[in-house]
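# Tertiary structure, described
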Amino acid sequence: MKRSKMIQSVRDMTGKWDIIIIGGGATGLGAAVDASSRGYKTLLLEMADFAKGTSSRSTKLIHGGVRYLQQGNVSLVLESLRERGLLIKNAPHLVRNQSFLVPCYKWWEGPYYWLGLRIYDILAGELGLGPSKHLSSKKARAEVSTITPSGLRGGIMYYDGQFDDSRLAINLAKTSVKEGGVLINYMKVTDLLKSSGKVQGVKAKDMLSGEEHEIKARAVINATGVFTDSVLKMDDPGSSSIITPSQGIHIVIDKHFLPGDTAIMIPKTQDGRILFALPWHNKVMLGTTDTPVEDISSEPEAMEREIDFILKHAAEYLVGKPERSDIRSAFAGLRPLVTNGDTDNTAAISRDHSLIVAPSGLVTITGGKWTTYRKMAEDVVNRASEVAGLPSKECVTESLRIHGWIDEAAKKDPLYYYGADRPELKRIIDKDPELGEPLHERLPYVKAEVVWATRSEMAMTVEDFNSRRTRALFLDAKASEEMAPEVARLMAEEAGYDDNWIKHQVKAYSELASSYQIS
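Residues numbered from 1 in each chain as written. Predicted model: local features only at pLDDT ≥ 70, side-chain atom pairs only at ≥ 80, totals over all residues. Heavy atoms only, no water.

## Describing the pairing of strand E11 (residues 243-254)
Within E11, 12 of the 12 residues are buried, leaving the element largely enclosed by the surrounding structure. With 10 bridges joining them, E11 and strand E16 (residues 329-338) adopt antiparallel strand pairing. Within E16, the position partnered with Ser 246 by the bridge is Arg 335. Bridge count for E11 against strand E15 (residues 291-292) is 2 bridges, and the pairing is antiparallel. (Buried < 20%, exposed > 50% of the residue type's maximum accessible area, 1.4 Å probe, protein only. Helix = DSSP H or I, 4+ residues; strand = E, 2+ residues; numbered from the N terminus. Pairing = 2+ DSSP bridges.)

## Some words on the pattern of salt bridges
Going through the model one piece at a time under the given rule, you end up with 42 salt bridges. Linking Arg 82 and Glu 83 is a salt bridge whose minimum nitrogen-to-oxygen distance equals 3.9 Å. The exposure class assigned to Arg 82 is partly exposed, which follows from its relative accessible area of 36%. Arg 471 is paired through a salt bridge with Asp 165; the nearest N and O atoms lie 2.7 Å apart. Here Arg 471 is found in the loop between helix H13 (462-469) and helix H14 (472-475), whereas its partner Asp 165 is found in helix H7 (residues 165-178), with 306 residues between them in sequence. Note on accessibility: Arg 471 and Asp 165 belong to one class, buried. In the salt-bridge network here, residues are joined through shared partners; they are Asp 49, Lys 52, Arg 57, Glu 299, Glu 463, Asp 464, Arg 468 and Arg 469. (Salt bridge = Lys/Arg side-chain N within 4 Å of Asp/Glu carboxyl O.)

## Focus: helix H11 (residues 422-431)
Listed as buried for H11 are Leu 425, Ile 428 and Ile 429. Looking down the long axis of H11, one finds its buried residues gathered within 95 degrees of arc, a one-sided arrangement. Turned more than 90 degrees from where H11 packs its buried face, Asp 430 and Lys 431 sit exposed. (Arc of directions from axis to C-beta.)

## Thoughts on the environment of Ser 137
Within the secondary structure layout, Ser 137 lies in helix H6 (residues 137-143). For Ser 137 and Gly 155, which are 18 residues apart along the polypeptide, the C-alpha to C-alpha distance reads 6.9 Å. When sequence neighbours within four positions are dropped, the list of residues in contact with Ser 137 reads Leu 152, Arg 153 and Gly 154. At 3.3 Å, the side chain of Ser 137 and the backbone oxygen of Leu 152 are in polar contact. (Contact = heavy atoms within 4.5 Å. Polar contact = N/O pair within 3.5 Å; in protein donor to acceptor, adjacent residues only side chain to side chain.)

## What to know about a nonpolar patch on the surface
On the surface, Trp 107, Trp 108 and Tyr 112 cluster together to form a nonpolar patch covering roughly 400 Å² of accessible area. With respect to the helices and strands, Trp 107 occurs in the loop between strand E4 (95-104) and helix H5 (109-124). Accessibility expressed as a relative area gives 65% for Trp 107, which makes it exposed. (Patch = residues over 30% accessible without salt bridge, like charges linked within 9 Å, V, L, I, M, F, W, Y side chains within 5 Å. Areas by Shrake-Rupley, 256 points an atom, 1.4 Å probe, with all protein chains shown as cover.)

## Focus: the environment of Val 506
The residue Val 506 is located in helix H16 (residues 499-514) in this model. Linking Val 506 and Thr 461, residues 45 residues apart in sequence, is a C-alpha distance of 9.6 Å. Setting aside chain neighbours within four positions, we find Val 506 in contact with Ala 484, Pro 485 and Ala 488.

Structure (structure tokens):
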């Protein structure tokens, strides 16, 4: 997957693309996989890097949504549980079964939560990951040795899916390319092409070279997440805003705070949200919050009150009582919630997706969540093909294996998440053993991964590698900053960049990484 080849494909296209997708997050990438696998000539344009925004900042869960069941949104839970089961089958190298403990400190919590989670199991049907069960206080402490023991009456164990969001995004991009799709990062759509009031394509600018393009298409899909309104206003400057952004943050701490493999689910915080303590890449991730915000930023930052909120609740359930000094990284993401008129309580806004067709023919898909990305993609490609009058073709993604698919990923190998690509990285190391050396003593990444990401995964910046091809920035922001010069050197050597590029990249990354570090 090389960016130069993708851009050449755009230059070489003489006719119209069947479908252009604006936005390279979960929804856009899912749509690219769906459209290209049906045989449509598909082009995806992303103004930054793939999954740069919300799609790399999730809670890392592929789940039915216990909270949605509590809210009575059974249809969303049913859809999500089915999609969870399909994704575990289609990407077993990236999605796995994760056990969760719901601790019970009051007499009524055990039967109440057990009943709800048994319903959750039943709704999952044959795609379930294992039956929920009640644990005694002793067994609960055996599962989570650092759970607060005082007053603990027991717990409920249940199962959901965990994944690596940005790694899935890159694998979706590679899946679409394999199916004939063309995907370009750092290519910003600046306007829509129209004829007789109908959308006929897009104007786009290469953010790295400055080159501008006019690209024609039969259908254009707006899959830009929190930036949905900006594309809608390109189409119709008088259109009303439909997105209510909500910020969610996560903080990452060291593994000793939750040393086992079982996660903790705190079923209700003071703002009505569920809070998780999750083992992830040999760290522990705590989150999330649900804070209404007005400003939409490509690099949102965790607010002090959000950090304090998470630490306060974590201290109630973990004996280690993590403090600010224990935070290795803090990151924030914005949810593209579809407006319902109540911006004071974004936790209550539905996570269902919305599909809108403008009079111009622009097709917009927004809302939703990572778990249902495949179904969202199916729905939007169905609609876009109808709007454009494309030949009807069946969706095949229910059983389409995602790039890297491997039946049994060696999860103890630090390179396991590359799946079927793992032998390629091993060959790079065999050819140059120095590339098998670690990039930083506190992180599991080796130098060969920089070469691979630059060569085969369209990593164009140090941030692309440290944040999304690996998760260094999210796991230990300071360590990722310290390894940035070596990452830049290796990228420059692979891609032919000069010393000025290295200097600029290290400086820019250092400024970014500082915002993930909590003093």
